[in-house]
Amino acid sequence: MSSSLRIALAIVVFELILPAHVSTARAQQKPLTSDQRQIVDTMSAIFAAARTDDVAKFDSVIASDFYIFDGGARFNGQAVMVFIKAQHAAGKRYEWNVTEPDVHVSGNTAWIAYTNKGSITDASGSINQKWLESAFLEKQAGAWKIVFMHSTRVPAQP
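The numbers attached to residues start from 1 for each chain and follow its sequence in the written order. Side-chain atom pairs in this predicted model are given and counted only at pLDDT of 80 or more, local residue features only at pLDDT of at least 70, and totals for whole chains, interfaces and linings cover all residues. Side-chain figures throughout are based on the complete set of non-hydrogen atoms in the structure, without hydrogens or water.

Colleague: Explain the layout of surface pockets to me, and be specific about the residues and the numbers.
Modeller: In this approach, a probe sized like a water molecule rolls over the atoms, and the result shows the empty space that is left. Detection works on a 1 Å grid of protein atoms alone, calling trapped sets that fit a 1.4 Å probe cavities and calling open sets with protein on both sides within 12 Å along at least five of seven lines pockets, with lining residues defined by an atom within 4 Å of a point. Grid points are joined across faces, edges and corners, and a volume is the space filled by probe spheres set on the points. Taken as a whole, the largest pocket spans an internal volume of roughly 440 Å³. Lining the largest pocket are 23 residues; nearest its centre among them are D70, V80, F83, I84 and W96. Under the DSSP-based scheme used, a helix requires at least four consecutive residues in state H or I and a strand at least two consecutive residues in state E, with every element numbered from the N terminus. Residue assignment for the lining of the largest pocket shows that the elements contributing at least two residues are α2 (34-51), β1 (62-70), α4 (77-89), β6 (125-140) and β7 (143-153). Residues are grouped as follows: nonpolar covers Ala, Val, Leu, Ile, Met, Phe, Trp, Tyr, Cys and Pro; charged covers Asp, Glu, Lys and Arg; every other residue, Gly included, is treated as polar. In terms of residue class, the lining of the largest pocket is built from 14 nonpolar, five polar and four charged.

Written as structure tokens, this is what we have:
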């Protein structure tokens, strides 16, 4: 078989296979329900509040008994905001983003797992960072509140 015939055959095979892979990937990413979208938005809101030291906004998306496991420690809402404010005062800035959300709702409770893709910036520059995170939420008075979070930093690749 000539090389030009092999190339043409490879192109035809590629064009036949690629649409199947693309449609399979799209089928796995189902659209979010209204509750699932609200949960993702709630998680994004906690990060926006923390990024800007907005304690009122932070408090508006967490339950009164909220806590988080992060960096090997347990923080309640007040303690985590004190820590973040201290990091900001020391010149550190964080970018956090909820990506690849996997949201499960059961009545007035829900859990979400996602990859937090962002960065940490200080005087020495900016470093891309990923965290594997999960949260448990409860619907209170019609709004989703974060009860618990867990964050594990993904080690940097060599």
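Colleague: Explain the pattern of salt bridges residue by residue, including any values.
Modeller: The salt bridge definition used is simple: a Lys or Arg side-chain nitrogen within 4 Å of an Asp or Glu carboxyl oxygen. All told, the structure shown has four salt bridges when counted by the stated rule. A salt bridge links D41 to R37, with the shortest nitrogen-to-oxygen separation between them at 3.3 Å. Placement of the pair is D41 and R37 together in helix α2, with a separation of four residues, close to one helical turn. Partly exposed residues are those whose accessible area sits between 20% and 50% of the maximum for their type, while under 20% is buried and over 50% is exposed, using a 1.4 Å probe and protein chains only. Here R37 falls in the partly exposed class, since its relative accessible area comes to 40%. Here E100 makes a salt bridge to K117, at a shortest N to O gap of 3.0 Å. With E100 in strand β4 (residues 98-106) and K117 in strand β5 (residues 109-122), this residue pair connects regions lying 17 residues apart in the sequence. E100 gets classed as exposed once you look at its relative accessible area, which sits at 53%. Overall, K117 belongs to the partly exposed group, its relative accessible area being 31%.

Honestly, that's just the spatial picture; any functional story needs more than this.
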